[in-house]
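Spelled out from the first residue to the last, the chains are:
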Amino acid sequence: GENVEQHPSTLSVQEGDSAVIKCTYSDSASNYFPWYKQELGKGPQLIIDIRSNVGEKKDQRIAVTLNKTAKHFSLHITETQPEDSAVYFCAASQAGTALIFGKGTTLSVSS
Amino acid sequence: GAVVSQHPSWVICKSGTSVKIECRSLDFQATTMFWYRQFPKQSLMLMATSNEGSKATYEQGVEKDKFLINHASLTLSTLTVTSAHPEDSSFYICSAQRAGGNSPLHFGNGTRLTVT
């Protein structure tokens, strides 16, 4: 089955800096890679996703890159703000199947 | 759009009792819903896949007789924790996918279960 590794487990940045979180996956059949933000006591919220036919996707300050050959994908957050502080999860799946999550990254943005 | 409502948001129950958690897709039909469990400061672990009108598929190590899942309609799935024990205390989160299979998963806000 699919296995998703996520690094780093914690990340501290200064407000305005960029943050990068990296994930690798094991199943070459996976073709869908979303990123979720989870705040304390809440369910995960989808922030961006990418499919295997695309190498990069951007939405304002957030971008995701995918390298299918190396089986890794990354989340990039630019101009970080204190409200970006949360736990971020990457995930991987094939269309229509359950998401398999990484272990999460706790991002702390200090002002 | 794509709102998933989960109820209750938190529940405290005594050992030996059963607790039912509801997951509803409010503005779309979901042929498939997924139930996850999350321990403090850990990732989401898939418990089972719930398909409307058929039996749920459970992940290895998840007791189907303890965690009863019912997906009676295209907008509602329920998870019942039977004969709850303190070790069942956890954050249970459902997710739903719009019919079609290629849509993003949307999550409910979770249910914090505490068994005393």
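All values reported here derive from a predicted model rather than from experimental measurement.

**A look at the sheet that holds strand 6 (residues 56-59) of chain A**
Residue and element names in this part refer to chain A.
Working step 1: The strand order across the open sheet formed by five strands is 1-3-8-7-6, and the pairing between neighbours is antiparallel. If you trace the sheet from one side to the other, it starts and ends with strand 1 (4-7) and strand 6, each paired once. Put simply, the sheet's adjacent strands are angled 15° from each other on average, direction ignored.
Working step 2: Bridge analysis of strand 3 (residues 19-25) against strand 8 (residues 72-77) gives six bridges, and the strand direction is antiparallel. Pairing of Ala 19 across the sheet is with Ile 77, part of strand 8.

**A word on the interface of chain B and chain A**
Working step 1: Taken together, the contact pairs 19 residues of chain B with 19 residues of chain A.
Working step 2: Regarding the contact of chain B and chain A, the summed buried area is about 1,400 Å², with carbon and sulfur atoms giving 58% of it.
Working step 3: Scanning the region where chain B abuts chain A turns up zero salt bridges.
Working step 4: Where chain B packs against chain A, one counts five residue pairs in polar contact (both at pLDDT 80 or more).
Working step 5: Looking at the side of chain B that touches chain A, its residues break down into nine nonpolar, 10 polar and no charged.

The rules behind each value
- For every chain, the first residue of the written sequence is number 1, and numbering continues from 1 along that sequence.
- Going through the entries in the order they are written, you letter the chains from A and number the ligands from 1.
- Only residues with pLDDT of at least 70 are given local features in this predicted model, and only at 80 or more are side-chain atom pairs given and counted; all residues enter the totals for whole chains, interfaces and linings.
- Neither water nor hydrogens contribute to the side-chain values; these are computed over all heavy atoms in the structure.
- Here, a strand pair is defined by DSSP locating no fewer than two bridges between the strands.
- Put simply, DSSP H or I for four residues or longer makes a helix, DSSP E for two residues or longer makes a strand, and each gets a number counted from the N terminus.
- All axes here are fitted lines through C-alpha atoms, helices being fitted over the stretch that makes contact, and every angle between N-to-C directions spans 0 to 180 degrees.
- Contact definition: two residues touch when any of their heavy atoms are within 4.5 Å.
- Here's the idea: put two parts together, see how much 1.4 Å probe accessible area each one loses, and the total over both is what we call buried area.
- Think of a salt bridge as a Lys or Arg side-chain nitrogen and an Asp or Glu carboxyl oxygen that are within 4 Å of each other.
- We define a polar contact as two N or O atoms separated by no more than 3.5 Å, with the added condition that, inside protein, one atom must be a possible hydrogen donor and the other a possible acceptor, whereas residues neighbouring each other in sequence contribute only through side-chain atom pairs.
- Gly is put with the polar residues, along with every residue not named as nonpolar or charged; the nonpolar set is Ala, Val, Leu, Ile, Met, Phe, Trp, Tyr, Cys and Pro, and the charged set is Asp, Glu, Lys and Arg.

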